[in-house]
Amino acid sequence: MFTHKGTCNIKTPRLCLRQLTIADASDFFYQLVNDKQVLKYTAWPYHEDIAQTENMLSSWEKAYERPAFYNWGIEYKGKIIGNITVYRLYEDTAAAEIGYCFGSDYWNQGFATEAAKAVMDYLFHKIGAEKIIISFADKNPASGRVAEKCGMTYVQTLPRAFTTSENEVVDIIEYSKNRCVD
């Protein structure tokens, strides 16, 4: 059973994971939602203008009032470079599914692994999750490497389970990790 606490700040050696505000719209727009390469394997639509991003962030600001809403902006050196969120909670099994994306300038530098490990620790030890799941498009093997670096193991491949932002139907690969009892 979860003990929901909402999106609390999390610090790592290089990153600050925190709630996003409308003031983050410029970074979020230019780093993430205005870059088709970044969005290729996410559920987010491409943002044509910053007003779309402001509207999305405004809705998230309201959602932060809900204790079961977990959505962090990832800040590095004062700039939002990514996002990590719990996009599915399975209350009956105390499992949480997380997803993340980063501006392409910040790929292959360990930021996704650092952020995912921090969120997993928070979910396991503060929220009471028993299992964390990461699912990713088979054509995005970098997410698989993040899952493996987080100590996760392969669970299954779901054929033709996701349609990308470019309308390509891809397989989804699922990894998970169970909470270790100390």
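Residues numbered from 1 in each chain as written. Predicted model: local features only at pLDDT ≥ 70, side-chain atom pairs only at ≥ 80, totals over all residues. Heavy atoms only, no water.

Caption draft 1: A look at the overall build of the protein. When helices and strands are counted, the protein shows five helices and eight strands. For a compact globule of 182 residues, the expected C-alpha radius of gyration is about 16 Å, and the protein comes in at 16 Å, within 12% of that figure. Considered along the principal axes of its C-alpha atoms, the protein spans approximately 45 × 35 × 30 Å. In the protein, 63% of the contacts between residues at least 6 apart in sequence involve partners at least 24 apart. Accessible surface for the protein amounts to roughly 9,300 Å². Of this, 48% is attributable to carbon and sulfur atoms. (Helix = DSSP H or I, 4+ residues; strand = E, 2+ residues; numbered from the N terminus. Rg over C-alpha atoms; globule rule 2.2 N^0.38 Å. Contact = heavy atoms within 4.5 Å. Areas by Shrake-Rupley, 256 points an atom, 1.4 Å probe, with all protein chains shown as cover.)

Caption draft 2: Geometry of helix H1 (residues 25–33). Three or more residues of H1 are buried, namely Ala25, Phe28, Phe29, Gln31, Leu32 and Val33. In this fold, the buried residues of H1 make contact with helix H2 (36–39), helix H3 (50–63), strand E4 (79–90) and strand E5 (95–102). (Buried < 20%, exposed > 50% of the residue type's maximum accessible area, 1.4 Å probe, protein only.)

Caption draft 3: Layout of the nonpolar core. In terms of nonpolar packing, the biggest core is built from 38 residues, with Leu17, Trp72, Ile84, Ile98, Leu123 and Ile132 touching the most fellow members. Elements with a contribution of two residues or more to this core: strand E3 (71–76), E4, E5, helix H4 (111–127), strand E6 (131–137), helix H5 (141–149) and strand E8 (169–178). Top element by residues in this core is H4. It accounts for eleven residues. Once residues lying within four places of it in the same chain are set aside, the contact partners of isoleucine 84 are Leu17, Asn71, Trp72, Ile74, Ile98, Gly99, Tyr100, Ala115, Ala116 and Val119. Phe29, Leu57, Tyr64 and Ile80 belong to the second largest nonpolar core, which has 17 residues in total. (Core = buried A, V, L, I, M, F, W, Y, C linked by side-chain atoms within 4.5 Å.)

Caption draft 4: Highlighting the pattern of salt bridges. Taken as a whole, this structure holds six salt bridges when the rule is applied. As a salt-bridge pair, arginine 88 and glutamate 97 come within 3.0 Å of each other at their nearest N and O atoms. Among the residues examined, arginine 88 registers a relative accessible area of 41% and is labelled partly exposed. Residue classification places glutamate 97 among the buried residues on the basis of a relative accessible area of 3%. Arginine 179 is paired through a salt bridge with glutamate 130; the nearest N and O atoms lie 2.8 Å apart. One end of the pair, arginine 179, is in the segment after E8; the other, glutamate 130, is in the loop between H4 and E6, with 49 residues separating them in the sequence. What makes arginine 179 partly exposed here is its relative accessible area of 29%. (Salt bridge = Lys/Arg side-chain N within 4 Å of Asp/Glu carboxyl O.)

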